[in-house]
Amino acid sequence: MPILEKVPHKTVSTEEESGLPKLPVPPLQQTLATYLQCMRHLVPEEQFRKSQAVVQRFSTPGGLGETLQQKLLERREKTANWVSEYWLNDMYLNNRLALPVNSSPAVIFPQQHFQDTNDQLRFAASLISGVLSYKALLDSHSIPLDCAKGQLSGQSLCMKQYYGLFSSYRLPGHTQDMLVAQKSSVMPEPEHIIVACCNQFFVLDVVINFRRLNEGDLFTQLRKIVKMASNEDERLPPIGLLTSDGRSEWAEARTVLVKDSTNRDSLDMIERCICLVCLDAPGDGDLSDTNRALQLLHGGGCSKNGANRWYDKSLQFVVGRDGTCGVVCEHSPFDGIVLVQCMEHLLKHMMKSSKKLVRADSVSELPAPRRLRWKCSPEIQGHLASSAENLQRIVKNLDFTVYKFDGYGKTFIKKQKCSPDAFIQVALQLTFYRLHRKLVPTYESASLRRFREGRVDNIRSATAEALAFVRAMTDHTTSMSASEKLQLLKVAIQAQTEYTVMAITGMAIDNHLLALRELAQELCKEPPEMFTDETYLMSNQFLLSTSQVPTTMEMFCCYGPVVPSGYGACYNPQPETILFCISSFRDCKETSSTSFAAAVGASLTDMQGLCGTAQVAESKPLVTKEKAIRPSQGHQS
Ligand code: COA
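The rules we used
Residues numbered from 1 in each chain as written. Predicted model: local features only at pLDDT ≥ 70, side-chain atom pairs only at ≥ 80, totals over all residues. Heavy atoms only, no water. Helix = DSSP H or I, 4+ residues; strand = E, 2+ residues; numbered from the N terminus. Rg over C-alpha atoms; globule rule 2.2 N^0.38 Å. Buried < 20%, exposed > 50% of the residue type's maximum accessible area, 1.4 Å probe, protein only. Contact = heavy atoms within 4.5 Å. Areas by Shrake-Rupley, 256 points an atom, 1.4 Å probe, with all protein chains shown as cover. Lys, Arg positive; Asp, Glu negative; His and termini not counted. Charge placed at Lys NZ, Arg CZ, Asp CG, Glu CD. Pairing = 2+ DSSP bridges. Axes fitted to C-alpha atoms, helices over the stretch in contact; angles between N-to-C directions. Salt bridge = Lys/Arg side-chain N within 4 Å of Asp/Glu carboxyl O. Near = heavy atom within 4 Å. Polar contact = N/O pair within 3.5 Å; in protein donor to acceptor, adjacent residues only side chain to side chain. Nonpolar A, V, L, I, M, F, W, Y, C, P; charged D, E, K, R; others polar. Parallel < 35°, antiparallel > 145°, perpendicular 65-115°, else oblique. Phe/Tyr/Trp six-rings, centres within 6.5 Å; stacked < 30°, edge-to-face > 60°. Left-handed = near helix turned anticlockwise from the far one by under 90°. Disulfide = S-S within 2.5 Å. Core = buried A, V, L, I, M, F, W, Y, C linked by side-chain atoms within 4.5 Å.

1. Description of the overall build of the chain
Here comes step 1: Counting its secondary structure elements, the chain contains 18 helices and 19 strands.
Here comes step 2: Against the compact-globule benchmark of 26 Å for 637 residues, the chain has a radius of gyration of 25 Å, which places it among compact chains.
Here comes step 3: Per-residue burial for the chain yields a buried fraction of 59% across its 637 residues.
Here comes step 4: Restricting to contacts in the chain with at least 6 residues of sequence separation, those with at least 24 account for 77%.
Here comes step 5: Only carbon and sulfur atoms are counted for the fraction: they give 53% of the accessible area of the chain, which is about 26,400 Å².
Here comes step 6: One way to put it: in the chain the 69 positive side-chain charges average out to a point 2 Å from where the 68 negative ones average out.

Structure representation (structure tokens):
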């Protein structure tokens, strides 16, 4: 019997982390003041005044705000991280939307050139072998500790997320999902991978008789799977489709599914696997970055590879016959940076092993991989039909483009003595303003891994300083000179950099407000006005959801928007280029990913032009304390 055991995700803790500080709780008045500062210029004046009064009542001495803050300080003492559980539920487990596009990001590997199916399977075997060696490093706690780079570099980072890469599974629930983790073992226990091929699922044991299979063995086993999958008489319904549906819909279908013992066994095998490997059929269209990313994000719907997936599992490696490869991730156990670290390790492993040509071992005595069986009642057939329709809607609705800006990259920005990340964020604000004539609450993920069990908080990039800059750039009636605009740009970058430092040192406002809200729910009969106020609700609608996911190898990350009328903007700054993956929904008439991509290119070019102005007037300091142009506190509407 397998020794793996399901344990609640939150109990796992690693020894390495004990030296890390706990996440601080910011002072209440500081958070409330920052909140008002972040929202003032984004809402009408009258609304802002009302919200200001709401905040004032919340923060009166001895009032509700202080009571909640006190509770939070007590919670900080009792837990490893005061926000982890609240954040996980709010960000992921309570969200009822389908995982593809709405929640699960993808990493796209370089295009592969497979001459035949054997080439495809060799690649898959090498990938699995890399996964096994990486997992062995994790199981023996031999992964080197990460250190912070960029702003405030050098500090050790929390490694906990790595231990969730292969051990996590997201169980669907009717109102809330559950993230479960398997206990890992240093001993070579029976372990398996699930291989998806032609919408069928196969159990590929990777440790047999206490021996880990080598690449040749894995290749042999994969060939057997492809042969079994090609037998059309044996094909079973595409059950994986259910996992692409809304979480409550999938939970309902699963309750029906588990009534049958065959289904229960099959589910159990999937829920305990290390990861999935999806052997995909060729996708649609050319093999552009955009089309390959779409294959990873949603698989092209049920008529293509959309059912050749199991979205609950944290890592699904896709190895397509047309050379489209990458990974789709269930996001709740780890963030993009940890994911990319793992993927870079795997690709390096594969580059080393690709020198040896792996052959099938014809005398292999290995037992054949096993097809998972499903008993499909008419009720399940009904669920499958509706899941297929819902996935089709997701596929049709996604407006997505990959855009490589090749005017310049990090090197140029650093030469301007600016933070590249802050510079790009200001460019994104300019882009949004150009297209929509307003700024909106923006999310930029900031890593909190400097703290015990830290995940992320939010850098609210739509600052008043950014608004002043983008107005100056788009107001063609102004007589403002280029060097004055440049001053505004530098001030906006400075504000963005300061917010970044505040966020990565645990002083941002989103996690804090979330925790106060959750504590209020436990304490108060009615939700307090602070958290039902129009401005607060609006502050959590991220029409621009951004994230820097840099890579050192040829690969890129992408994801979908988080609200129906929003954009997702994932960027990967390189020394001489910047790659953007822009997503939005076709249902929304106001947004367009291609327009956004074109506008971001124009924004970056214009900002470079302004910097050129500086070189002309080189002798003058760009920003002095006395002369820095500060934005007015004006509202935009
Ligand atoms: N002048 C010259 N160089 C500068 C500079 C300046 N004023 N400011 C920064 N730089 C340099 C940095 O030293 C760094 O150098 P390096 O390339 O040698 O490391 C480089 O520019 C990049 O720094 P910067 O652009 O400021 O950003 P960062 O790397 O510190 O990243 C965040 C900022 C917010 C993106 C980062 O802290 C973070 O939190 N990343 C995680 C994001 C995440 O979680 N994504 C996945 C979500 S699922």
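2. Comments concerning the sheet that holds strand S5 (residues 192–197)
Here comes step 1: An order of S12-S6-S5-S9-S10-S11-S2-S17 is seen for the eight strands of this open sheet, with the pairing classed as mixed. The open sheet terminates on both sides in strands that have one partner only, identified here as strand S12 (370–371) and strand S17 (556–558).
Here comes step 2: Helix H5 (residues 117–139) rests against S5, strand S6 (200–205), strand S9 (276–280), strand S10 (315–320) and strand S11 (325–329) of the sheet, and its axis sits at about 155° to S10.
Here comes step 3: Here helix H10 (residues 336–353) sits on the sheet in contact with strand S2 (106–108), S10 and S11, set at roughly 45° to S10.

3. Structural notes on the pattern of salt bridges
Here comes step 1: Counted by the stated rule, this structure contains 25 salt bridges.
Here comes step 2: Ionic pairing is found between Arg 517 and Asp 90, a salt bridge with its closest N-O pair at 2.9 Å. Residue Arg 517 is located in helix H16 (residues 510–523), and its partner Asp 90 is located in helix H4 (residues 84–93); the two are separated by 427 residues in the primary sequence.
Here comes step 3: The partner of Lys 135 in a salt bridge is Asp 139, and the shortest N-O contact between them spans 2.9 Å. You can see Lys 135 and its partner Asp 139 sitting in helix H5, four residues apart, about one turn around the helix. As far as the burial class goes, Lys 135 and Asp 139 line up, both buried.

4. Some remarks on the site of the ligand
Here comes step 1: The environment of the ligand is made up of 24 residues, and the closest members are Gln 151, Lys 414, Ser 419, Asp 421 and Ser 447.
Here comes step 2: Pro 420 places a polar main-chain atom, nitrogen or oxygen, 3.2 Å from an oxygen atom of the ligand.
Here comes step 3: Separating a nitrogen atom of the ligand from a side-chain N or O atom of Ser 547 is a distance of 3.2 Å.
Here comes step 4: Taking 960 Å² as the accessible area of the ligand by itself, protein coverage stands at 73%.
Here comes step 5: Sorting the residues of the shell around the ligand by element identifies H10, helix H12 (410–415), helix H13 (420–436), strand S14 (442–447), strand S15 (456–459), helix H15 (482–504) and strand S16 (544–548) as the ones contributing at least two each.
Here comes step 6: When residues of the shell around the ligand are assigned to their parent elements, the largest contribution, four residues, is made by S14.
Here comes step 7: Of the residues in the shell around the ligand, the class split is eight nonpolar, ten polar and six charged.

5. Here we look at the sheet that holds strand S18 (residues 567–573)
Here comes step 1: Overall, mixed pairing links the six strands, which are arranged S13-S19-S18-S16-S14-S15 in an open sheet. For this open sheet the edge positions go to strand S13 (398–405) and S15, each flanked by a neighbour on one side alone. Taken over all neighbouring pairs, the strand axes of this sheet differ in orientation by 20° on average, direction set aside.
Here comes step 2: Where S14 meets S15, four bridges bridge the pair, whose relative direction is antiparallel. Directly across from Ala 446, in S15, lies its bridge partner Asp 457.
Here comes step 3: Each of S14, S16, S18 and strand S19 (578–585) touches H13; the most contacted strand, S18, lies at about 145° to it.

6. Some details on the side chain of Asp 335
Here comes step 1: Tracing the backbone shows Asp 335 in the loop between S11 and H10.
Here comes step 2: A residue is classified by how much of its surface remains accessible, and Asp 335, at 10% relative accessible area, is buried.
Here comes step 3: What Asp 335 contacts, discounting residues up to four positions off in sequence, is Trp 87, Gln 161, Arg 455 and Val 456.

7. A closer look at the packing of H4 against H16
If you want to describe how two helices pack, look at the angle between their axes and the distance between the axes.
Here comes step 1: Running from amino to carboxyl end, H4 crosses H16 at an angle of 95°, the nearest separation of the two axes being 10 Å. One finds that H4 runs roughly perpendicular with respect to H16. Taken together, the residues of H16 that come into contact with H4 (itself represented by Tyr 86, Trp 87 and Asp 90) are Asn 511, Leu 514, Ala 515, Arg 517, Glu 518, Leu 519 and Glu 522.
Here comes step 2: For the contact of H4 with H16, the residue count by class is five nonpolar, one polar and four charged.

8. Digging into the packing of aromatic side chains
Here comes step 1: Tallying each qualifying case throughout the model produces 17 aromatic pairs.
Here comes step 2: Ring centres of Phe 58 and Phe 531 lie 5.7 Å apart, and the angle between their planes is 80°; on these two criteria the pair is classed as edge-to-face. One end of the pair, Phe 58, is in helix H2 (residues 45–58); the other, Phe 531, is in the loop between H16 and helix H17 (534–539), and 473 residues separate them in sequence.
Here comes step 3: Looking at Phe 58, the relative accessible area reads 4%, which means it is buried.
Here comes step 4: A centroid spacing of 5.2 Å and a plane angle of 75° characterise the contact between Phe 531 and Tyr 536, whose relative ring orientation is edge-to-face.

9. Regarding the packing of H13 against H15
Here comes step 1: Direction vectors running N to C along H13 and H15 enclose 115°, while the axes themselves pass 9 Å from each other. For H13 against H15, the interelement crossing comes out right-handed. Counting all contacts with H13, which are made through Ala 422, Phe 423, Gln 425 and Val 426, the residues of H15 involved are Leu 489, Ala 492, Ile 493, Gln 496 and Thr 497.
Here comes step 2: Its residues assigned to classes, the contact of H13 with H15 comprises six nonpolar, three polar and no charged.

10. Some thoughts on the pairing of strand S4 (residues 178–182)
Here comes step 1: Counting buried positions along S4 gives four out of five residues, so the element sits mostly inside the fold.
Here comes step 2: Two strands pair when backbone bridges link them, and strand S3 (residues 168–171) and S4 are joined in this way by four bridges, in the antiparallel orientation. By the bridge assignment, Arg 170 is partnered in S4 with Leu 179.
Here comes step 3: Between S3 and the antiparallel strand that follows it, S4, lie six residues.

11. Quick look at the environment of Thr 255
Here comes step 1: Positionally, Thr 255 belongs in helix H7 (residues 247–257).
Here comes step 2: Separated by 83 residues in the primary sequence, Thr 255 and Pro 172 place their C-alpha atoms 9.9 Å from one another.

12. Points about the state of the cysteines
Here comes step 1: Tallied over the entire structure, the rule returns zero disulfides.
Here comes step 2: Unpaired in terms of disulfides, Cys 558 finds its nearest cysteine sulfur in Cys 581, a separation of 4.9 Å.

13. Overview of unusual backbone geometry
Here comes step 1: Unusually for a residue other than glycine, Phe 210 sits at a positive phi of about 60°.
Here comes step 2: Structurally, Phe 210 can be placed in the loop between strand S7 (207–208) and strand S8 (211–212).
Here comes step 3: A relative accessible area of 68% means that Phe 210 is categorised as exposed.
Here comes step 4: At Glu 453, a position not held by glycine, the phi torsion is positive, near 55°.
Here comes step 5: Note that Glu 453 resides in the loop between S14 and S15.

14. Overview of the nonpolar core
Here comes step 1: The biggest cluster of nonpolar side chains holds 109 residues, and the ones touching the most others in it are Phe 166, Trp 310, Leu 315, Phe 317 and Met 343.
Here comes step 2: At ten residues, the largest contribution of residues to this core is made by H5.
Here comes step 3: Listed in part, the 90 residues of the second largest apolar core include Tyr 433, Ala 472, Tyr 499 and Ile 509.

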